[in-house]
Amino acid sequence: MDSDGTEGLAMLGVCRVQPVANPQSCILKNSPVVRFSIMASETQAKPEAARRRIPSVDELLSRPAIRALGASAGRDLVLEAVREGVQALRERLGRGEDSGFAPEVIEQDIGERVQAQLAPSLVPVINATGVVLHTNLGRAPLAREALERVAEVAGRYSNLEYDLAQGERGKRDDHTDRLLAKLVGAEAALVVNNNAAAVFLALNTLAEGGEVIVSRGELIEIGGSFRIPDICAKSGVVLREVGTTNRTRLADYAAAVNERTRLLLRVHPSNFRIVGFTERPALDEFVELGRRHNLPVMEDLGSGCLVDLEQQGLNDEPPAGRSLAAGVQVVTFSGDKLLGGPQAGIIAGARAPLERIRKNSLFRALRVDKMTIAALEATARLYRRGKLDSIPALAMIRASAESIAARAARLREQLRGLPGLTAALETGESVAGGGSTPGQSLPTTLLVLGHSGCSARDLADRLRHNRPAIIARVERDRVLLDLRTVLDGSEEDEIVRAFKRIVMS
Ligand SMILES: *Cc1c(COP(=O)(O)O)cnc(C)c1O
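Criteria and thresholds
Residues numbered from 1 in each chain as written. Predicted model: local features only at pLDDT ≥ 70, side-chain atom pairs only at ≥ 80, totals over all residues. Heavy atoms only, no water. Buried < 20%, exposed > 50% of the residue type's maximum accessible area, 1.4 Å probe, protein only. Helix = DSSP H or I, 4+ residues; strand = E, 2+ residues; numbered from the N terminus. Pairing = 2+ DSSP bridges. Right-handed = clockwise from strand over helix to strand, strands pointing away. 1 Å grid on protein atoms, 1.4 Å probe; cavity = no way out; pocket = protein on both sides within 12 Å on 5 of 7 lines; lining within 4 Å. Points joined across faces, edges and corners; volume = space filled by probe spheres on them. Domains from an automatic or database assignment. Axes fitted to C-alpha atoms, helices over the stretch in contact; angles between N-to-C directions. Parallel < 35°, antiparallel > 145°, perpendicular 65-115°, else oblique. Contact = heavy atoms within 4.5 Å. Nonpolar A, V, L, I, M, F, W, Y, C, P; charged D, E, K, R; others polar.

A. Just the pairing of strand S11 (residues 330-334), in detail. Most of S11 is tucked away: 5 of the 5 residues are buried. Relative to S11, strand S10 (residues 297-302) runs parallel, the two sharing 4 bridges. Pairing of Asp 300 across the sheet is with Thr 332, part of S11. Considered for its hand, the β-α-β crossover made up of S10, helix H14 (residues 320-325) and S11 is right-handed. Across 5 bridges, S11 lies against strand S12 (residues 345-349) in antiparallel orientation. Counterpart to Ser 334 in the pairing with S12 is Gly 345.

B. Region of the structure containing the layout of surface pockets. When its volume is computed, the largest pocket comes out at roughly 1100 Å³. Of all the elements in the fold, those that place two or more residues in the lining of the largest pocket are strand S1 (125-127), helix H10 (195-207), S10 and helix H17 (370-384). Residues from two domains meet in the lining of the largest pocket; each of domain 2 (142-387) and domain 3 (396-504) gives at least three.

C. A look at the packing of helix H5 (residues 64-73) against helix H6 (residues 75-94). Contact geometry for H5 and H6: axes closest at 7 Å, N-to-C directions at 135°. Here H5 is positioned oblique relative to H6, judged by the angle of their axes. Mapping the contact onto sequence places Ile 66, Arg 67, Leu 69, Gly 70, Ala 71 and Ala 73 in H5 and Arg 75, Leu 77, Val 78 and Val 82 in H6. Its residues placed into classes, the contact of H5 with H6 shows 7 nonpolar, 1 polar and 2 charged.

D. Up close: the sheet that holds strand S8 (residues 238-242). Strand order across the open sheet formed by 7 strands is S4-S12-S11-S10-S9-S5-S8, with mixed pairing between neighbours. Looking along the sheet, the strands with just one partner apiece sit at the ends: strand S4 (188-192) and S8. Neighbour to neighbour, the strand axes of the sheet diverge by 25° on average, direction disregarded. Contacting S4, S11 and S12, helix H9 (residues 177-184) crosses the sheet at an angle of about 120° to S4. Across the sheet, helix H13 (residues 283-292) touches strand S9 (261-267) and S10, and the angle it forms with S9 is around 170°.

Dropping the structure here:
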């Protein structure tokens, strides 16, 4: 209890500091304190008397419970809370409010204020949406092996930029680059902060001051204001659009090549799909065009799929290795999408362009820190060992419809019989998400829940206010849970506990 300064809070009867997104929302449910009140007439008749009942900051600081709180939570934090508490009392008095002036109540309030400051803002949630790479929920959960490596390396010194064999300065890139290059079959690879940074750095290095040719059908926007035209402008290249939204032919690219052209760019239209009357040159033709004009070809792959997911019905995600094998000089992709690792952007390809990218002074501004390197290296090694199901995002995508159906049936059994709750099973669809595989889904079994005492919206709200928060889908006035994205075991137990609490309240 003392590591997070909560000892003093316990003395005040403030409930345990729970990780909550909005700390104010869960305070004091179990407060043992009976609220004292001064009669309204008393306050109105004798405002001075009431004001005198507000203890001074010094008086409060000398009370044993507040002193204990200061010792565990930190004196400055407690002083601040005391001042705020006293100020709030004065304001309430000014509004003619009449309760909450008893010392125990004031202490309780101070305890809550301290707790609100101590509770973390970034907390784990249970993702029951069935969207595996949910960007709002942190995309890929890390593999246990990756977490262990982060814990092992980050709290100590490491050879981050030190060559242990030679006893001299090394490069942080060395820990991941060869490994990643090997995984995708590239000559070289680099890691930066995210794929947006990777595209930016690569464009700036390979085409600054010149033109980049892109199909109009690939001028995409990814959530969070990543837009290809904007990133081109920021990286100092002139975007040369060719073709139309639905059809771009090789001849369109060829006609746009001129002496200012520096690069041919292809972008994976990650989060949407144009169907119907469409055309895009085959990759090898595109590469051949670049070769003919002595222009490098770059591909922003978006998701960074390292394995074939066609068996899972996801056939729109070209594995990075396939593009490189076709002769694309530089590919970029995310570390925390289908790769299933930490947030990172990976640039892989031929040695010459990669060396130029590495020498760009912007690389220093976009580089990753040791925790990312530790997690990415561990994740990459799981690929090398073929341990795909140790990578949570991949295991979720690869989970069979039958295994999810069995888990859903088991959970339904556990929820059955809770008063007012209805629980049924229904087939449905999960998605990979995170701007990948648009229009493609994975078969799943949904747990359809209802409660006689509240609407679906209310039930979903209550699940969201649970700690840990449970994020469900609401469709057609029904709450749906998709266990594909719920971690097997402990998170299912949390869900059962949450429903028990909800139906009892
Ligand atoms: C997701 C995506 C990006 C941005 O990647 P981040 O790692 O989120 O920065 C860029 N391009 C494409 C095609 C994407 O799908």
